[in-house]
2 protein chains.
Amino acid sequence: MKVAGLGQSSLDYIAFVDRFPEEDTKAEVTDFTVQGGGPVATALVSLSRLGVKTFFSGRVSDDHAGVEIRRGLKAEGVDVRGLKVQKGGSSQLAFILVNRKTGSRTILWQRPTVSPLSPSEVSPSFIKDKDFLLLDGLMMDSSVRAAKTARAAGVPVMLDAGRVRPGMLELAALSDYIVASEEFARGLKLTPLDALKRLSSLNPRAATVTLGARGSVTWAGGKIFRLSAFKVRAVDTTGAGDVFHGGYVYGLLQGWDIQKTVRFASAFAALKCLRPGGREGIPTLKAVLKFMKSAGARVLAYG
Amino acid sequence: MKVAGLGQSSLDYIAFVDRFPEEDTKAEVTDFTVQGGGPVATALVSLSRLGVKTFFSGRVSDDHAGVEIRRGLKAEGVDVRGLKVQKGGSSQLAFILVNRKTGSRTILWQRPTVSPLSPSEVSPSFIKDKDFLLLDGLMMDSSVRAAKTARAAGVPVMLDAGRVRPGMLELAALSDYIVASEEFARGLKLTPLDALKRLSSLNPRAATVTLGARGSVTWAGGKIFRLSAFKVRAVDTTGAGDVFHGGYVYGLLQGWDIQKTVRFASAFAALKCLRPGGREGIPTLKAVLKFMKSAGARVLAYG
């Protein structure tokens, strides 16, 4: 099985503290990790860990972060031949301060100055022989081109709708599966349930709105169900959403029904939270299946 | 000319923001730089830029930061054969958040878990053929051994006294030149002037207490003088003290008198502040000499 993904990639510097520092003071970091990030990029890494062949397309600078982003994806077995490297400028990076006591995450991020992929850089051959295409809509023009190419070739498309941006609903309308965040719902000025209904009106095969520790709501075949989250002692929720998307695609590729698919995605994401950073804690298939047997996550029907 | 240095080394991640973030929010970073740090390590880099042959001894882990620390020093021409690499553990690193509007520096730092150098690891040959030895007292036992070896071999010793730590005054008593920070004076519960008098009682050839933007006070040959700082539009003061120490050693190596030496160190450090990070802005000799001609920094005698 082969999954292609097109989107943003970043380098995350994650520091853990026992208290959030006041300005102009010193505070000790108890743990520090540098890991790659980006919605589609981390979803592909999670699929790679499950044994799926993955292919990433996007753009980084040739700066330190860009080199590390590329190296990190390659080390996880992601094919990065579609990841263009631009001379000069800066790649996206984020410095994330996690308060161990409160779980708060303070994010300092640097906007990338490299150009987004242009539609003409989306090679049809990158998409046509794949079993799935993952998009995050962070490079809108090329995402739309990729979604259209996929539809024409019969390749199912999943959109990770993290935030409402111009063109995002149009891109959602070109997608077979839409997994949106709670922030996306807020961006639409809707409750998660109403946002889900709005997304379902775009005629996807299924749509899900994730709610963090409160689980998720999913629409499929005219029905809505809620799934509570697996209870874990989370160390760091960075990348949990991205891993959820990877697990979701994995379930669909296995031909599982939507409830089992969402339940798997949820367990997959929960286990990731046991380790710091977006990628270090991504578990093996065996570990997820074992965890799902032992731990409960109830599916609640909504009529 | 050859200068040896023994001390701590670290990797600094420096992010610039227009406002200090509130906990659990997102803020945009306007600039980001990764540069090596550590008092003696950066002082050696500054001497290296001035054309002096430099040699560093210390210990890092084989982690990402350790690899970058070593690479950064090597790239600046510092001889790192005395920098031991320990398998496992973590090197020292710091995440520094600089508020562009207020100039505040919020420092998140990770304590290194690698062992300090032991005295038996201080090879006499590392010190004996050098013209100067720089110490920061961050690995006390090996620093004391190094200072004693240097004295026996007639190699002058400069101590960068950043903070009062156990054994620091004993190490200062073994040093020919003592350059202390204002924080060191506070640690002694003394005013800078009284701290300077206390240090002069240890019989160095000269002692200086640096006061940041307020300049410095120096004792030499029974006299005390104050030097105001050079006025620059500082972008980042990270490493300014370390560069001051490098400039101080440089002046002494040239045989300049103490006033010219301190004035040079002060100009050298001021120019560094024009660029972000501890090392990027370290100027060339030509640039410092030109700046000193054009810009004033008054020497005030204290009787």
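The structure displayed is predicted, hence computed values, not measured ones.

Here is what the cut-offs are and how they apply
Residues numbered from 1 in each chain as written. Chains lettered and ligands numbered in written order. Predicted model: local features only at pLDDT ≥ 70, side-chain atom pairs only at ≥ 80, totals over all residues. Heavy atoms only, no water. Helix = DSSP H or I, 4+ residues; strand = E, 2+ residues; numbered from the N terminus. Rg over C-alpha atoms; globule rule 2.2 N^0.38 Å. Buried < 20%, exposed > 50% of the residue type's maximum accessible area, 1.4 Å probe, protein only. Contact = heavy atoms within 4.5 Å. Areas by Shrake-Rupley, 256 points an atom, 1.4 Å probe, with all protein chains shown as cover. Lys, Arg positive; Asp, Glu negative; His and termini not counted. Charge placed at Lys NZ, Arg CZ, Asp CG, Glu CD. Pairing = 2+ DSSP bridges. Axes fitted to C-alpha atoms, helices over the stretch in contact; angles between N-to-C directions. Arc of directions from axis to C-beta. Least-squares fit on C-alpha atoms with pLDDT ≥ 70 in both. Salt bridge = Lys/Arg side-chain N within 4 Å of Asp/Glu carboxyl O. Buried area = accessible area lost by both parts, 1.4 Å probe. Polar contact = N/O pair within 3.5 Å; in protein donor to acceptor, adjacent residues only side chain to side chain. Nonpolar A, V, L, I, M, F, W, Y, C, P; charged D, E, K, R; others polar. Core = buried A, V, L, I, M, F, W, Y, C linked by side-chain atoms within 4.5 Å. Left-handed = near helix turned anticlockwise from the far one by under 90°.

### Remarks on the overall build of chain A
Thinking step 1. Looking only at helices and strands, chain A has 10 helices and 14 strands in total.
Thinking step 2. Rg of the C-alpha trace for chain A: 18 Å, near the compact-globule value of 19 Å for 303 residues, within the 12% margin.
Thinking step 3. If you line up chain A on its principal axes, its C-alpha atoms span 55 × 45 × 40 Å.
Thinking step 4. Across the 303 residues in chain A, those meeting the buried criterion constitute 59%.
Thinking step 5. Taking the intrachain contacts of chain A between residues at least 6 apart in sequence as the baseline, contacts between residues at least 24 apart amount to 66%.
Thinking step 6. Total accessible area on chain A stands at roughly 12400 Å², and carbon and sulfur atoms take up 51% of it.
Thinking step 7. Chain A carries 42 positive and 27 negative side-chain charges, and their two centres are separated by 7 Å.

### A look at the sheet that holds strand β6 (residues 92-99) of chain B
Thinking step 1. In space, the eight strands of this closed barrel follow the order β2(A)-β3(A)-β7(B)-β6(B)-β2(B)-β3(B)-β7(A)-β6(A), with mixed pairing throughout. Averaged over neighbouring strand pairs, the angle between their axes works out to 35° when direction is ignored.
Thinking step 2. For strand β7 (residues 105-110) of chain A and strand β3 (residues 26-37) of chain B, the ladder comprises three bridges, and the chain directions are parallel. Bridging across to β3 of chain B, Leu108 of chain A finds its partner in Ala27 of chain B.

### Quick look at helix α7 (residues 192-200) of chain A
All names here are of chain A.
Thinking step 1. Taken as a whole, α7 has its buried residues at Ala195, Leu196, Leu199 and Ser200. Considered in projection along α7, the buried side chains sweep an arc of 140° and stay on one side of the axis.
Thinking step 2. Those residues of α7 that are buried are in contact with α5 (168-173), β10 (177-180), α6 (182-187), β11 (206-210), β12 (216-220) and β13 (223-227).

### Examining the relation of the copies chain A and chain B
Thinking step 1. Taken as rigid bodies, chain A and chain B are interconverted by a rotation of 180° and an axial shift of 0.0 Å, the fit giving an RMSD of 0.0 Å. When the rotation and shift are considered jointly, the pair of chain copies conforms to a two-fold rotation axis.
Thinking step 2. By residue overlap, the copies meet face to face through one surface: 100% of the interface positions of chain A are interface positions in chain B.

### Quick notes on the pattern of salt bridges
Residues and elements named next belong to chain A.
Thinking step 1. Enumeration according to the criterion identifies 24 salt bridges over all chains in this entry.
Thinking step 2. Here Glu182 makes a salt bridge to Arg214, at a shortest N to O gap of 2.3 Å. With a gap of 32 residues between them, Glu182 in helix α6 and Arg214 in the loop between β11 and β12 connect regions that are remote in the sequence.
Thinking step 3. The partly exposed category is assigned to Glu182, whose relative accessible area is 22%.

### Some points on the environment of Arg163 of chain A
Residue and element names in this part refer to chain A.
Thinking step 1. By the element assignment, Arg163 lies in the loop between β9 (157-161) and α5.
Thinking step 2. Under the relative-accessibility criterion, Arg163 is labelled partly exposed at 41%.
Thinking step 3. Between the alpha carbons of Arg163 and Gly58 there is a distance of 19 Å; along the sequence they are 105 residues apart.
Thinking step 4. In contact with Arg163, not counting residues within four places along its chain, are Met168, Glu183 and Phe184.

### Describing helix α10 (residues 285-294) of chain B
Residue and element names in this part refer to chain B.
Thinking step 1. Among all positions of α10, only Val288, Phe291 and Met292 are buried. Viewed along the axis of α10, the buried residues span an arc of 100°, placing them on a single side of the element. Exposed residues pointing more than 90 degrees away from the buried face of α10 are listed as Lys286, Lys290, Lys293 and Ser294.
Thinking step 2. Against α9 (258-272) lie the buried residues of α10.

### Observations regarding the interface of chain A and chain B
Accessible area lost on assembly of the parts is the figure often given for the size of an interface.
Thinking step 1. Opposite the 31 residues of chain A that make contact, chain B presents 31 residues.
Thinking step 2. Carbon and sulfur atoms supply 60% of the area that chain A and chain B bury against each other, a total of about 2700 Å² over both sides.
Thinking step 3. For Arg111 of chain A, the salt bridge is made with Glu28 of chain B, and the minimal N-O distance between the two is 2.9 Å.
Thinking step 4. Our enumeration of links across chain A and chain B arrives at 20 residue pairs in polar contact (both at pLDDT 80 or more).
Thinking step 5. Sorting the residues of the side of chain A that touches chain B by element identifies β2 (10-17), β3 (26-37), α2 (64-75), β6 (92-99) and β7 of chain A as the ones contributing at least two each.
Thinking step 6. Of the residues forming the side of chain A that touches chain B, the biggest block, eight residues, is contributed by β3 of chain A.
Thinking step 7. The residue makeup of the side of chain A that touches chain B, split by class, is 14 nonpolar, eight polar and nine charged.

### Digging into the nonpolar core
Thinking step 1. By size, the foremost hydrophobic cluster in this structure holds 120 residues, and its most contacted members are Tyr248 of chain A together with Tyr248 of chain B.
Thinking step 2. In this structure, Tyr248 of chain B is in contact with Met158, Tyr177, Val179, Ala206, Ala207, Thr208, Thr218, Ile258, Thr261, Val262 and Ala265 of chain B, ignoring residues within four places of it in sequence.

### Describing the packing of helix α8 (residues 240-254) of chain B against α9 of chain B
Residue and element names in this part refer to chain B.
Thinking step 1. Put simply, α8 and α9 touch, their axes get as near as 7 Å, and they point 145° apart. Read as a crossing pair, α8 and α9 show a hand that is right-handed. Counted together, Ala240, Val243, Phe244, Gly246, Gly247, Tyr248, Tyr250, Gly251 and Leu252 of α8 and Ile258, Thr261, Val262, Phe264, Ala265, Ser266, Phe268, Ala269 and Lys272 of α9 form the full contact between these two elements.
Thinking step 2. When the residues that make up the contact of α8 with α9 are grouped by side-chain class, the tally is 12 nonpolar, five polar and one charged.

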